[in-house]
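Summary of the model geometry
Spelled out from the first residue to the last, the chains are:
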Amino acid sequence: MIENIYSFWELFVILIFIILLTSLIKNLFDNNQYSLTNFRLSIFVLIISIFQLSIELVFIILIYFENIILDSEKYLFENFTLNIVYTFISILLVSIGWSIHLRTKIKKKKILRIFIFYLMGALILFSNYNFKIN
């Protein structure tokens with residue numbers, strides 16, 4: 001049950017990444033300026049990515065204590081520890097892109113820098129997700 005909820009949450013995060021990246025691509029090809037919508041979507045992706053990491057940390061603690069209490073080894077423990085590493089690297093890239101874009105005054109460079117770093121973060125998250133809902 002909890003794994004299914006987490007799986008849907010992970011799909012939601014991936015969907016928001018895709019929405020942001022398509023919006024940024026559209027703005028790059030249409031020569032549009034960096035808009036308030038792009039700003040809001042990019043900060044929302046950063047916030048939900050951090051929230052996803054905190055959910056994964058809670059799950060790993062719960063699974064760890066469940067393994068200690070039941071004296072068993074679960075596959076989910078290794079799976080969530082790997083998820084935490086990938087999510088942390090993704091958040092690191094997204095945070096770097098966010099801080100670099102804040103220092104830029106040129107609107108096109110803002111879009112390009114957010115796009116590059118958020119794309120790298122999204123690819124790391126996509127590579128880890130197994131796209132299987134039980």
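Described below are features of the structure shown in this document. Bear in mind the structure is a predicted one, so any value in this text is a computation, not a measurement.

Some points on the side chain of E56
Here E56 is to be found in helix α2 (residues 36–70). In this structure E56 touches Y6, E10, N83, I84 and T87, once residues within four positions along its chain are discounted.

Focus on the pattern of salt bridges
One pass over the full model with this rule turns up 1 salt bridge. For K26, the salt bridge identified is with D30, shortest N-O distance 3.9 Å. Of the residues examined, K26 reaches a relative accessible area of 48% and is grouped as partly exposed. Judged by its relative accessible area of 45%, D30 falls in the partly exposed class.

A closer look at the packing of aromatic side chains
In this structure the tally under the stated criterion is 5 aromatic pairs. A ring pair is formed by W9 and F51, whose centres lie 5.4 Å apart and whose planes are at 75 degrees; its orientation type is edge-to-face. On the criterion of sequence distance, the pair formed by W9 in helix α1 (residues 2–29) and F51 in helix α2 is long-range, its members being 42 residues apart. Judged by its relative accessible area of 45%, F51 is partly exposed. Here the aromatic rings of F12 and F44 are separated by 6.4 Å at their centres, their planes lie at 80 degrees, and the arrangement is edge-to-face. Taken together, the residues F12 in helix α1 and F44 in helix α2 connect sequence positions 32 residues apart. Its relative accessible area of 30% is what places F12 among the partly exposed residues. In textbook terms, an aromatic cluster arises when at least three aromatic residues are bridged by ring pairs, as seen for W9, F12, F44 and F51.

Some remarks on the nonpolar core
By size, the foremost hydrophobic cluster in this structure holds 19 residues, and its most contacted members are F17, L20, L24, V45 and Y118. Contributing elements (two or more residues each) for this core: α1, α2, α3 (75–103) and α4 (107–128). Leave out the neighbours within four places in its chain, and L20 touches N38, L41, S42, V45 and Y118.

With respect to the environment of I114
The residue I114 is located in helix α4 in this model. In the structure, I114 is positioned 20 residues away from V94 in sequence and 7.9 Å away in space, judged by C-alpha atoms. With sequence-adjacent residues up to four places away left out, I114 is seen in contact with L24, Y34, S42, G97, H101 and L119.

Section: a nonpolar patch on the surface
A surface patch of nonpolar side chains, amounting to about 420 Å² of accessible area, comprises V85, F88, I89, L92 and I96. The topology assignment puts I89 in helix α3. Its relative accessible area of 36% is what places I89 among the partly exposed residues.

Regarding unusual backbone geometry
Unusually for a residue other than glycine, N31 sits at a positive phi of about 55 degrees. Within the element layout of this structure, N31 appears in the loop between α1 and α2.

A look at the environment of I55
When you line up the elements, I55 lands in helix α2. When the C-alpha atoms of I55 and Y6 are compared, they prove to be 8.2 Å apart, with 49 residues separating the residues in sequence. Look past the residues within four positions of I55 in its chain and what remains in contact with it is Y6 and W9.

How each quantity is defined
Residues numbered from 1 in each chain as written. Predicted model: local features only at pLDDT ≥ 70, side-chain atom pairs only at ≥ 80, totals over all residues. Heavy atoms only, no water. Helix = DSSP H or I, 4+ residues; strand = E, 2+ residues; numbered from the N terminus. Contact = heavy atoms within 4.5 Å. Salt bridge = Lys/Arg side-chain N within 4 Å of Asp/Glu carboxyl O. Buried < 20%, exposed > 50% of the residue type's maximum accessible area, 1.4 Å probe, protein only. Phe/Tyr/Trp six-rings, centres within 6.5 Å; stacked < 30°, edge-to-face > 60°. Core = buried A, V, L, I, M, F, W, Y, C linked by side-chain atoms within 4.5 Å. Patch = residues over 30% accessible without salt bridge, like charges linked within 9 Å, V, L, I, M, F, W, Y side chains within 5 Å. Areas by Shrake-Rupley, 256 points an atom, 1.4 Å probe, with all protein chains shown as cover.

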